[in-house]
Amino acid sequence: MTSLSAQTQSVLRHPNVLRFIGGRFLASLGAQIQVVAVGWQMYDITGDPLDLGLIGLSQFIPFVTLILPAGHAADNYNRARIVTTCYLTSSMCALALLIMTLRGLLSAWPIFLIMMALGASRAFSMPASQSVLPNLVPADAFRRAVALNSSSQQVATIIGPAVGGVLYLAGPSVVYATVMTLALTAALLMFQVRGASQPVSTTREPLSLETLLSGLKFVRSRPVVLGAISLDLFAVMLGGATALMPMFASDILHVGPTGLGLLRTAPGIGAAACGLVLALSPISRHVGSWMFGGVAMFGVATIVFGLSTSFYVSMAALVVLGAADMVSVYVRHLLVQLDTPDYIRGRVSAVSSVFIGASNELGDFESGVMARWWGAVRAVLIGGVATLVVTGLWTRLFPVLWKMQEFPQQQKK
């Protein structure tokens, strides 16, 4: 345990790693704080569960439109500078929400427009930020760096919603002012990430249909990578219940905005605890079994959450859900990064980001539609069962992933 701890601490001795993880932490913290305010404010204005789903769809449309050019940009320009610009954009979106709230926000459409701007920003941020870390640490420290980075993201997920719920009691304008400050600080930290954030290739490839689609072609040629990211896509898209949390907090559990913040915190608690364990003792054997086991447990926890009418049982189910999701995220991220050469890592990360974005934003939209048709509880239960069905089906469609024992060696070129 002592040697593991020493190796983990050695990852943090790299200044660029500290700036990178710190910047992403603050940006994620602000995003988590903001999502509580936006969801509660939207439901307070319209009272329509479909609008909660449309928040996700309004982010997904610009995201999926721009993600392939964003992956190309990540392979041809300074990745840290791209992420810095995206964090500045997030701060401007928070400022816009602040101004509109102070003037008296009575319609959902301004929120949708700002969410579209955030979706465009995320399109460029995700492939660039996912491609930076492999170049900031030695290969033998990469797995622990991934776990620490993921764990810090989950700590933000723990703190952010709870803080957002408490700050919302003072008014949404307080929330948006806080988010703007956090995003600006994150941009300053990311701006200071130097050197290794540059793509390996010094020759910029021209923007063309062939270069845009090269990441997709690469993923299709790697059944393990395709299986991992598509499993995450369908599991989270079908089983996601986060978009409906304002409904559960308001109409089923009756816990208000503070309770909503705690509900959104619960998955982060489980994920952060799991991430810490993975940082100290990374997965090295039975990779496929861990991946599928994590997704299956995600589905079971979703079903328990949907059935619960107790706030404490719901919290416990979400903690388990977050831990299970962390396992699958950790395995998927390592598979994508280790099996991808650096020259195309941005475009492959863009493809992965499409799957992740689809699972989150389209999952939110799907949850909103199903909740309007059948109610929140049935929507969540159907999603949890569908996740288990997909998990079983994917063991047959991607047997190489299901039977995988060890991670591949990291690709350099």
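Our subject is the structure listed above.
Presented here is an overview of the structure given in this document. (Residues numbered from 1 in each chain as written. Predicted model: local features only at pLDDT ≥ 70, side-chain atom pairs only at ≥ 80, totals over all residues. Heavy atoms only, no water.)

Between helix H10 (residues 245-252) and helix H11 (residues 256-280), whose axes approach to 9 Å, the crossing angle comes to 135°. Taken together, the axes of H10 and H11 lie oblique to each other. Judged by the sense of rotation from one axis to the other, the crossing of H10 with H11 is right-handed. Contact with H10, carried on its side by Met245, Pro246 and Ala249, involves Gly256, Leu260, Leu263 and Arg264 of H11 and no other residues of that element. Residues belonging to the contact of H10 with H11 are distributed by class as follows: five nonpolar, one polar and one charged. (Axes fitted to C-alpha atoms, helices over the stretch in contact; angles between N-to-C directions. Helix = DSSP H or I, 4+ residues; strand = E, 2+ residues; numbered from the N terminus. Parallel < 35°, antiparallel > 145°, perpendicular 65-115°, else oblique. Left-handed = near helix turned anticlockwise from the far one by under 90°. Contact = heavy atoms within 4.5 Å. Nonpolar A, V, L, I, M, F, W, Y, C, P; charged D, E, K, R; others polar.)

With respect to the element layout, Ser367 can be found in helix H14 (residues 345-374). On the basis of relative accessible area, Ser367 is assigned to the buried category, the value being 4%. Note: C-alpha distance between Ser367 and Leu50 (317 residues apart in sequence) is 8.3 Å. (Buried < 20%, exposed > 50% of the residue type's maximum accessible area, 1.4 Å probe, protein only.)

Applying the stated criterion to the full structure yields six aromatic pairs. Residues Phe311 and Tyr312 carry aromatic rings whose centres are separated by 5.6 Å and whose planes lie at 70° to one another, so their mutual orientation is edge-to-face. The cationic tip of Arg81 hangs over the ring face of Phe191; the distance from NZ or CZ to the ring centre is 4.7 Å. (Phe/Tyr/Trp six-rings, centres within 6.5 Å; stacked < 30°, edge-to-face > 60°. Lys NZ or Arg CZ within 6 Å of the ring centre and 35° of its normal.)

Between its terminal C-alpha atoms helix H4 (residues 79-102) stretches 35 Å, which fits the 34 Å expected from 24 residues at 1.5 Å a residue. Measuring from the side-chain oxygen of the N-cap residue of H4 to the backbone nitrogen of Ala80 gives 3.0 Å; that N-cap residue is Asn78. (Expected span 1.5 Å × (residues − 1). Polar contact = N/O pair within 3.5 Å; in protein donor to acceptor, adjacent residues only side chain to side chain.)

Within the largest apolar cluster, 103 residues are counted, with the highest numbers of intra-cluster contacts made by Tyr330 and Phe407. Ranked by size, the runner-up nonpolar core spans eight residues in total, among them Val225, Ile229, Val336 and Val351. (Core = buried A, V, L, I, M, F, W, Y, C linked by side-chain atoms within 4.5 Å.)

Right, let's get into a nonpolar patch on the surface. On the surface, Met297, Val300, Val304, Val313, Val320 and Leu388 cluster together into a nonpolar patch covering about 420 Å² of accessible area. Those elements that place two or more of their residues in the nonpolar patch are helix H12 (287-307) and helix H13 (311-338). For the nonpolar patch, the leading source of residues is H12, giving three residues. Turning to its location among the elements, Met297 is positioned in helix H12. Exposure remark for Met297: the relative accessible area of 39% places this residue in the partly exposed category. (Patch = residues over 30% accessible without salt bridge, like charges linked within 9 Å, V, L, I, M, F, W, Y side chains within 5 Å. Areas by Shrake-Rupley, 256 points an atom, 1.4 Å probe, with all protein chains shown as cover. Salt bridge = Lys/Arg side-chain N within 4 Å of Asp/Glu carboxyl O.)

Spanning 28 residues, helix H3 (residues 49-76) covers 41 Å between terminal C-alpha atoms, matching the ideal 40 Å at 1.5 Å per step. In the structure, H3 departs most strongly from a straight axis at Ile67, where the bend amounts to approximately 45° and where the proline Pro69 lies between one and four residues downstream. With 21 of 28 residues buried, H3 is to be regarded as a mostly interior element. (Bend = angle between axes of the 7 residues up to and from the residue.)

Taken by themselves, the reported measurements are silent on function.
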